[in-house]
Amino acid sequence: MTQPATDLSPSAREAIVEALNQSVAETAVTTMLAQNFHWNVTGMAFGPLHALFQEIYEDHFVAQDDLAERIKALDGHADGMLSGMLKRSKVSEHDGHADDKTMVAAMQAAQETLAATLAAAGALAAEHGDTLTEDLAIARGQTHEKFAWMLRAHLR
Ligand SMILES: [Fe+2]
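Right, let's walk through the structure included here.

Calculation notes
- Residues numbered from 1 in each chain as written.
- Predicted model: local features only at pLDDT ≥ 70, side-chain atom pairs only at ≥ 80, totals over all residues.
- Heavy atoms only, no water.
- Helix = DSSP H or I, 4+ residues; strand = E, 2+ residues; numbered from the N terminus.
- Rg over C-alpha atoms; globule rule 2.2 N^0.38 Å.
- Buried < 20%, exposed > 50% of the residue type's maximum accessible area, 1.4 Å probe, protein only.
- Contact = heavy atoms within 4.5 Å.
- Areas by Shrake-Rupley, 256 points an atom, 1.4 Å probe, with all protein chains shown as cover.
- Lys, Arg positive; Asp, Glu negative; His and termini not counted.
- Charge placed at Lys NZ, Arg CZ, Asp CG, Glu CD.
- Phe/Tyr/Trp six-rings, centres within 6.5 Å; stacked < 30°, edge-to-face > 60°.
- Lys NZ or Arg CZ within 6 Å of the ring centre and 35° of its normal.
- Core = buried A, V, L, I, M, F, W, Y, C linked by side-chain atoms within 4.5 Å.
- Axes fitted to C-alpha atoms, helices over the stretch in contact; angles between N-to-C directions.
- Parallel < 35°, antiparallel > 145°, perpendicular 65-115°, else oblique.
- Left-handed = near helix turned anticlockwise from the far one by under 90°.
- Expected span 1.5 Å × (residues − 1).

**With respect to the overall build of the protein**
- Along the protein, the regular secondary structure elements total 5 helices and 0 strands.
- Put simply, the protein runs from its N terminus to its C terminus through helices and strands in the order α-α-α-α-α.
- Its C-alpha atoms give the protein a radius of gyration of 16 Å, near enough to 15 Å, the size a compact globule of 156 residues would have.
- In terms of overall dimensions, the protein has a C-alpha envelope of 55 × 30 × 20 Å along the principal axes.
- The burial tally for the protein puts 47% of its 156 residues in the buried class.
- At a minimum sequence separation of 6, the contacts of the protein that also span at least 24 residues come to 82%.
- When the accessible area of the protein is evaluated, it comes to approximately 8100 Å², of which 57% is carbon and sulfur surface.
- Considering the protein, the positive charge centre built from 11 side chains and the negative charge centre built from 22 side chains are found 3 Å apart.

**Some details on the packing of aromatic side chains**
- The full count for this structure, using the stated rule, is 1 aromatic pair.
- For the cation-ring pair, lysine 146 lies above phenylalanine 147, with the distance from its terminal atom to the ring centre recorded as 5.4 Å.

**Section: the nonpolar core**
- Membership of the largest hydrophobic core comes to 20 residues, with the highest contact counts inside it found for Ile16, Leu20, Val24, Leu67 and Leu74.
- Every element with two or more residues in this core is listed here: helix H1 (10–40), helix H2 (46–73), helix H4 (100–127) and helix H5 (131–154).
- Beyond its immediate sequence surroundings of up to four residues, isoleucine 16 is in contact with Leu8, Leu74, Leu124, Ala125, His128, Asp130 and Thr133.

**So, unusual backbone geometry**
- Positive phi values are uncommon outside glycine, yet aspartate 75 reaches one of about 65°.
- Within the fold, aspartate 75 resides in the loop between H2 and helix H3 (82–88).

**Let's talk about the packing of H4 against H5**
- Contact geometry of H4 with H5 gives a least axis separation of 8 Å together with a crossing angle of 160°. Judged by the angle between their axes, H4 and H5 are roughly antiparallel. As for how H4 packs across H5, the hand of that crossing is left-handed. Contacts between H4 and H5 involve Val104, Met107, Gln108, Gln111, Glu112, Leu114, Ala115, Leu118, Ala121, Gly122, Ala125 and Ala126 from the first element and Thr133, Glu134, Ala137, Arg140, Gly141, His144, Glu145, Phe147, Ala148, Leu151, Arg152 and His154 from the second.

**Quick word on H2**
- Helix length check: H2, at 28 residues, gives a terminal C-alpha distance of 40 Å against a target of 40 Å (1.5 Å per residue), a fit within 8%.
- Residues Leu49, Leu52, Phe53, Ile56, Tyr57, His60, Ala63, Gln64, Leu67, Ala68, Arg70 and Ile71 constitute the buried set of H2.
- For H2, the elements touching its buried residues are H1, H4 and H5.
- Residue aspartate 75 follows H2 closely and has a positive phi angle near 65°.

All quantities given are derived from atomic positions and should not be read as evidence of function.
Below, the structure written as structure tokens:
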């Protein structure tokens, strides 16, 4: 039988909470990145890119809440400070003056980074028998890989 999340050792809980805070931070930074690109994208592909960036930020806005509330279910602290998120995140902000291809490439890279972060969080949760965090992380990782593919397809 798998261990319920609430039975995690303090060190396992701390490690999983940190992995989730990393995930929240990168999801939040990417939410703003997508909104920045949604607002400022130009070119003949304006319509579909404006819509795709919106689909991304709407998905990510919901996801950052799901991830943060999983931290609370584990009795951890969800870091909601933008300054802390920017420090923690492996995804960086990007200038909204960029051309459309640069935006697509930057968003693809962000999605790939997120997919890797969520895969690592899922593996860590699995290691400690926290199947509920593992399930959430796997679902998020799959979504990020899907977005990465959709963006990559624009550049081929
Ligand atoms: Fe809009």
